[in-house]
Amino acid sequence: MKKGLILLLSLLLLVPAVFAQGSKEAEEDNAPVTIEFWTHEDVNRQQLEDRYIQEFETAHPNVTVNVTRQSAEKMIELVQTSFAAGKGPTMFNLSVNDEYPYIVAGRVAPMDYAAAGYKDAKDVISKYMDNTLAPVTYKGEVYGLPLELTNWSIYINKKVFRDAGLDPEKDYPKTWEDMVTISQKLVKRDGDVLTRRGYDFRYKYYLENCVPMVEQLGGQLISDDGKEAIIGKDAWVKWLTYMQQWGPNGLNLGSPTYTAARKLFNKDNNDIAMCSTGLYQEARIKADNPKFYESGEWMVVPYPTFKDAKKDVAACFYGHYYMVNADADKKTQKAAWQLISYMLSHGEEYLETTQVIQPTKTLMEGETFKNMPYSKVFKDDMARGHMVYYGAASTAIQAALDTAIKQVMLQNVSAEDAYTELKATCQELIDEQ
Amino acid sequence: MNKQRHYSIERKQAKWGFLFTVPCLVFFALFSFYPIINAFVTSFTNRQAIARTSRFIGFENYVYLFTKDNGGFSLGNSIRATLTFTLGTFIPMVVISLLLAALMMQLRRPSHRGFFEISFYMPAVLSSVVAASIWMILFDPRGLVNQFSNWLFMTSGKDFKWLTNDTMLQWSTMIVYFWKYIGYFVILFLTGLASIPSTIYEAAIVDGSSRWHTFWRITLPLLKPTVVLVSIMAMLQCLKTFSTQYMFVQNGAARQPIDVITMNIYFTGVRNGKLGRASAMSIVLFVIMLLLTYLQFATTKSDDVEY
C-alpha cells in the first residue's frame, strides 16, 4: 500500500514535468520561422502564389515567407552562388537538369513526408504520374515536388499561314522536312534580312528541343550506362547539317541572333508563324494579347519527326521542382515542406489560371486538364517524349551543344567537324564526373 | 631623465597621411587583396560551387587549362579573344581620345567644351548591360547599323552579319566598348592638357611654332605621364571586359570568337560550378595583366614632367 502510494505520488510529481515539456514543445513550435523562398518570374503564377503565401502565413502566424523572384536563367546563377557562399535560400525551384547536382552533393534535404502530408516516399510517388518524380528520387528518398512539368509542341498562327496561301489545318508541318518547305513559303525577306520567319528553334534549350531530333534519327546523347557521349555519328551529322541549312549561311530561315520566336508569337505582328513552347503559353497569350487568344487564330500541333525517323520521339519534358535547403534547421525544413505542400494542393487552380501542369494523377486525369485547349496534343507529345537529360554535367553539355549549333549555323564549320568537337567535348565532360 | 621626442614636419605629415589612407587600405585589403589570396589558394583545389568539401590538387587546374579543352572553351582561345579585343580597342581608344581632347581644348567657349565633354562622357554613365542591350538592337539585321552599312556601301537588304560573322562580331564588341569608354579617357586627357601652363604655349606662339609643331613638340611630351596613365588604365580595363561579350552571347551570338577570359571564368565558375578551375583562370589573367603593365611601364619610362 505504502509502495503504491509512493509510486502514485511520484507519478503526480512527474505530471507537471510532462506538461512543462509539452508546453516547451508548443513554445518551440510557435517560435518564429523565416522561409527564404526563391523562384522564377511568371506574372500569372506570382498572383496565385502571393495569395497562397498570405493564406499560409495567416494559418501559421510564426512563419514569415520572403519571396525573391528573378528570371529563370538568373535564378540558376543566384542559387548556385548563394550555395557556394554557404547561404542558400530555404526553398527554391530550378529546372531539373540544374537541380540534380544539388541532390547528389547533399545540399538539399529529402522530403519531410509527414509535413507534406504523405506517409512515405512510396506514397508520394504513387500520387504522381509515372516517372515524373524519378529525377528527384535518389537512394530511395524523394527530394523535390514538381511546381511544373513542361513539354513543348508547335504553336501556329493561322493568319500567317493563310497569308502565305497555306491551309493551317492541312498544311501544318508533320515532319522536319515539311518544316523547311513550309517555312520557305512563310518566310519574308528584305534582301538577306528576315522580316518574317516561318518557324524558329528555341536556341539555348537543345537538350529539350533538339536532342529528340537526333534520337529520331537513331542517335543518343549519352549511352545507357552513362559512359559514352554523342552516340551515332550519322544521326548527329544529319541533325547538324539540318541546322546548318536552317541558318543564315544555308537557307536562311532563322538564326539564334533574332528575337526569340516564342516572344514574338503572342504579339501577332505577322513576323512569326510558328514557335515551340508549352501549354503555359496559352495563359501568356491570354494575358499579353487577349484579342488574339479569343480570335481562335492560333492552334497547337504535335512535335514533328523526320521522314526517315528510326524512333518516334517528341520534345523532352522538363520539370521545375521545389526543393529545400539541407542546411536549414529541421523546424524550418518542416515549415518549408508544409508551405510547398499547401501551394501544390492548388494544382487545379494553377492549371486553370497559369496553365502550369503539376503532374499528379488526379490533375492529369481530371476534367480541367482535358478541357484545356490543345491539352491532348501536349499529353500525347508527353507520352512520345521522355524526361530531359539531367546529370552533373548537363549545363556544360547544353553549352557544348550551343557551340556546335553556332559553329554550323554561324561560323561556317562543317557538320562533320562540329560533330567531332562536340563528341570530344562531351566525352571529356562525362569522363570528368 | 625624460627624453622628449621631436618629430619633423614631414614625419608629422606622413603620420597624418598614413592615418587618412588607413580606411582605403582596409577597404583594399578586404575587397581586393583578400579575394586575390583566396582565388590563389582556391586555384590549387578542386573546389566546386555546390560541393561541401574540396581537396588540394596542386597545379592540376593549371595543367588542365593549358592542355585541355575546358568543355569546348579553352583558355588558349580566351587569351586570344582577350588580346584581340584589348589591342583592337585600347590603342584606338587612347589615340582618338587624345585627339578629341586636343581638339576640344581648341574650343574657346567653355560652354561649347562643356557640351562636348558631357556628350562624350554620357555613355560611360550607362550600365554596360544597358549599353550592350541598346547596341544589340542596333546591330540586329533590321537595326540601324545594318541600314547605315547598306546606305554607306550603296547596297540594299544586305545582312552585314554584325552579330553572326566571327570577325564582325569581334568588331561589334570593340565598337560598343569604344563608344562607352571613349568619353572617360577624353576627360582624363582634358585634365592633363589643362594642367600644362598656358605660358609655355604663349612662348611657342611668340617663337612662331605652328599648331602641329606645338602639339608634337610641346603638348605630347608634357602629356606623357597622362598618356602612360591612360594607356595603362585603358589596357587593364579592356583586359577585364565582360558585360558586353556576356550580353552578346546571352542574345544568341556565338561564344567562341568573343570568349574573353573574364567570360570564361564566369561560365566555368558560376555556370559550371568549377570554382577551382575558374580561380586558376583568374590567376592567369592576373599574371597577364601584371606582365603587360610591367611591359608598358618598362617601354614608356615616363620621366617626371615639371613645368
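Here the structure is a predicted model, which is why all the values come from computation and not from measurement.

Engineer: Break down the overall build of chain B for me, citing the residues and quoting the values.
Structural biologist: Of the regular secondary structure elements, chain B holds 13 helices and 0 strands. Expressed as a percentage of its 307 residues, the buried residues of chain B come to 34%. For chain B, long-range pairs separated by at least 24 residues make up 73% of all intrachain contacts whose partners lie at least 6 apart in sequence.

Engineer: Break down the overall build of chain A for me, citing the residues and quoting the values.
Structural biologist: For chain A, the helix and strand inventory stands at 22 helices and 14 strands. Once the C-alpha set of chain A is aligned to its principal axes, its extents read approximately 105 × 50 × 35 Å. Within chain A, the fraction of its 433 residues that count as buried is 48%. Of the contacts made within chain A by residues no fewer than 6 positions apart, 75% connect residues no fewer than 24 positions apart.

Engineer: Can you lay out helix H20 (residues 375-384) of chain A for me, pointing to particular residues and giving the numbers?
Structural biologist: Residues spaced three or four apart along an α-helix face the same direction, because each turn holds 3.6 residues. All names here are of chain A. Three or more residues of H20 are buried, namely Phe-378, Asp-381 and Met-382. Buried residues in H20, looked at end-on, bunch into an arc of 105 degrees, giving them a common side. Contacts made by the buried residues of H20 are with strand E7 (153-157).

Engineer: How would you explain unusual backbone geometry if you had to name every residue and give the values?
Structural biologist: Residue and element names in this part refer to chain A. If you check the backbone angles, Lys-204 has positive phi at about 90 degrees while not being a glycine. Phi at Asn-252 is positive, roughly 55 degrees, even though this residue is not glycine. In this structure, Asn-252 sits in the loop between helix H12 (233-246) and helix H13 (261-265). On the basis of neighbour counts, which here come to 18 C-beta atoms within 10 Å, the residue Asn-252 falls in the partly exposed class.

Engineer: Report on the sheet that holds strand E1 (residues 33-40) of chain A, specifying residues and quantitative values.
Structural biologist: All names here are of chain A. Reading across the sheet, the 5 strands line up as E2-E1-E3-E14-E6 and stay open at both edges, with mixed pairing between neighbours. Every interior strand has two partners, whereas the edge strands, strand E2 (63-70) and strand E6 (145-150), have only one. Across the sheet, the mean angle from the axis of one strand to that of its neighbour is 20 degrees, orientation sign disregarded. Sheet analysis places E6 next to strand E14 (residues 318-324), joined by 5 bridges and oriented antiparallel. Bridging across to E14, Pro-146 finds its partner in Tyr-321. Packed onto the sheet, helix H3 (residues 72-84) meets E1, E2 and strand E3 (91-95) and runs at close to 135 degrees relative to E1.

Engineer: Explain the sheet that holds strand E13 (residues 298-301) of chain A to me, and be specific about the residues and the numbers.
Structural biologist: Residue and element names in this part refer to chain A. Spatial ordering of the open sheet is given by E8-E9-E12-E7-E13, a layout of 5 strands whose pairing is mixed. Pairing within the sheet leaves two strands with one partner each, and these edge strands are strand E8 (188-190) and E13. Averaged over neighbouring strand pairs, the angle between their axes works out to 30 degrees when direction is ignored. Together, strand E9 (193-199) and strand E12 (272-277) form the strand contacts of helix H9 (residues 176-186), whose direction differs from that of E9 by roughly 140 degrees.

Engineer: Account for the packing of helix H7 (residues 166-194) of chain B against helix H10 (residues 224-239) of chain B, naming residues and giving values.
Structural biologist: Residue and element names in this part refer to chain B. Two elements in contact, H7 and H10, have axes whose closest approach is 10 Å; the angle formed by their N-to-C orientations is 165 degrees. Between H7 and H10, the angle is such that the two are roughly antiparallel. Every pair of crossing elements has a handedness; the one defined by H7 and H10 is right-handed. Here Tyr-181, Phe-185, Leu-188, Phe-189 and Gly-192 of H7 lie close against H10, whose contacting residues are Thr-226, Val-230, Ala-234 and Gln-237. Residues that form the contact of H7 with H10 fall into these classes: 6 nonpolar, 3 polar and no charged.

Engineer: Mind laying out the pairing of E7 of chain A, listing which residues take part and the relevant values?
Structural biologist: All names here are of chain A. Of all 5 residues in E7, 5 are buried; the element is thus mostly enclosed. Relative to E12, E7 is paired through 4 bridges, and the arrangement is antiparallel. Across the sheet, Tyr-155 pairs through a bridge with Cys-275, a residue of E12.

Engineer: Got a sec to walk through the pairing of E14 of chain A? Specific residues and values, please.
Structural biologist: All names here are of chain A. With 7 of 7 residues buried, E14 lies mostly within the body of the structure. A two-sided burial pattern is seen for E14, the buried positions comprising Tyr-318, His-320, Tyr-322 and Val-324 on one face and Gly-319, Tyr-321 and Met-323 on the other. One ladder, built from 5 bridges, connects E3 with E14; its direction is antiparallel. Its bridge partner being in E14, Met-91 is matched across the sheet by Val-324.

Engineer: Just give me the short version of the packing of helix H3 (residues 75-105) of chain B against H10 of chain B, but keep the residues and values in it.
Structural biologist: Residue and element names in this part refer to chain B. Two numbers describe how H3 lies on H10: the axes approach to 9 Å, and their chain directions differ by 145 degrees. Read as a crossing pair, H3 and H10 show a hand that is right-handed. Taking contact as the criterion, the partners of Thr-82, Phe-85, Thr-86, Thr-89, Phe-90, Met-93, Val-94 and Leu-98 in H3 are, on H10, Val-227, Val-230, Ser-231, Ala-234, Met-235, Cys-238 and Leu-239. Its residues assigned to classes, the contact of H3 with H10 shows 11 nonpolar, 4 polar and no charged.

Engineer: I'd like to hear about the domain arrangement of chain A, residue by residue, with values.
Structural biologist: Residues and elements named next belong to chain A. If you check the domain split of chain A, you get domain 1 (33-150 + 317-380) and domain 2 (153-315 + 392-432). On a C-alpha basis, the centres of domain 1 and domain 2 stand 29 Å from each other. Facing 20 residues of domain 1, the contacting portion of domain 2 comprises 15 residues. Counting residues per element, the ones that place at least two in the side of domain 1 that touches domain 2 are helix H2 (43-59), helix H4 (96-104), helix H17 (347-354) and H20. Class assignment of the residues belonging to the side of domain 1 that touches domain 2 gives a composition of 11 nonpolar, 7 polar and 2 charged.

Engineer: Would you mind going over the interface of chain B and chain A in detail, with residue names and values included?
Structural biologist: On the chain A side, the residues contacting the 29 residues of chain B number 33 residues. If you tally residues by element for the side of chain B that touches chain A, the top one is helix H12 (residues 261-271) of chain B, at 3 residues. Looking at side-chain class alone, the side of chain B that touches chain A contains 10 nonpolar, 10 polar and 9 charged residues.

Engineer: Got a sec to walk through the environment of Leu-290 of chain B? Specific residues and values, please.
Structural biologist: Mapped onto the elements of the fold, Leu-290 of chain B is located in helix H13 (residues 275-300). Separated by 54 residues in sequence, Leu-290 of chain B and Leu-236 of chain B have C-alpha atoms that sit 9.3 Å apart.

Engineer: Quick rundown of the environment of Met-174 of chain B? Include the residues and the values.
Structural biologist: Within the element layout of this structure, Met-174 of chain B appears in helix H7. The buried category is assigned to Met-174 of chain B, around which 23 C-beta atoms lie within 10 Å.

Engineer: Outline the environment of Pro-304 of chain A, listing residues and values.
Structural biologist: Residues and elements named next belong to chain A. Examined against the element boundaries, Pro-304 turns out to sit in the loop between E13 and E14. Considering only alpha carbons, one finds Pro-304 and Asn-66, 238 residues apart in sequence, at a separation of 43 Å. Not counting residues within four places of it along the chain, the set of residues in contact with Pro-304 comprises Pro-173, Lys-174, Thr-175, Trp-176, Asp-178 and Met-179.

Engineer: Please provide a residue-by-residue account of the confidence of the model for chain B, values included.
Structural biologist: When pLDDT is averaged along chain B, the result is 90; 95% of the residues meet or exceed 70. Predicted complex, confidence summary: ipTM 0.79, pTM 0.84.

Cut-offs applied
Residues numbered from 1 in each chain as written. Chains lettered and ligands numbered in written order. Predicted model: local features only at pLDDT ≥ 70, side-chain atom pairs only at ≥ 80, totals over all residues. Helix = DSSP H or I, 4+ residues; strand = E, 2+ residues; numbered from the N terminus. Buried ≥ 20, exposed ≤ 12 C-beta atoms within 10 Å, placed from the backbone. Contact = placed C-beta atoms within 7 Å. Arc of directions from axis to C-beta. Pairing = 2+ DSSP bridges. Axes fitted to C-alpha atoms, helices over the stretch in contact; angles between N-to-C directions. Parallel < 35°, antiparallel > 145°, perpendicular 65-115°, else oblique. Left-handed = near helix turned anticlockwise from the far one by under 90°. Nonpolar A, V, L, I, M, F, W, Y, C, P; charged D, E, K, R; others polar. Domains from an automatic or database assignment. pLDDT = per-residue confidence, 0-100.

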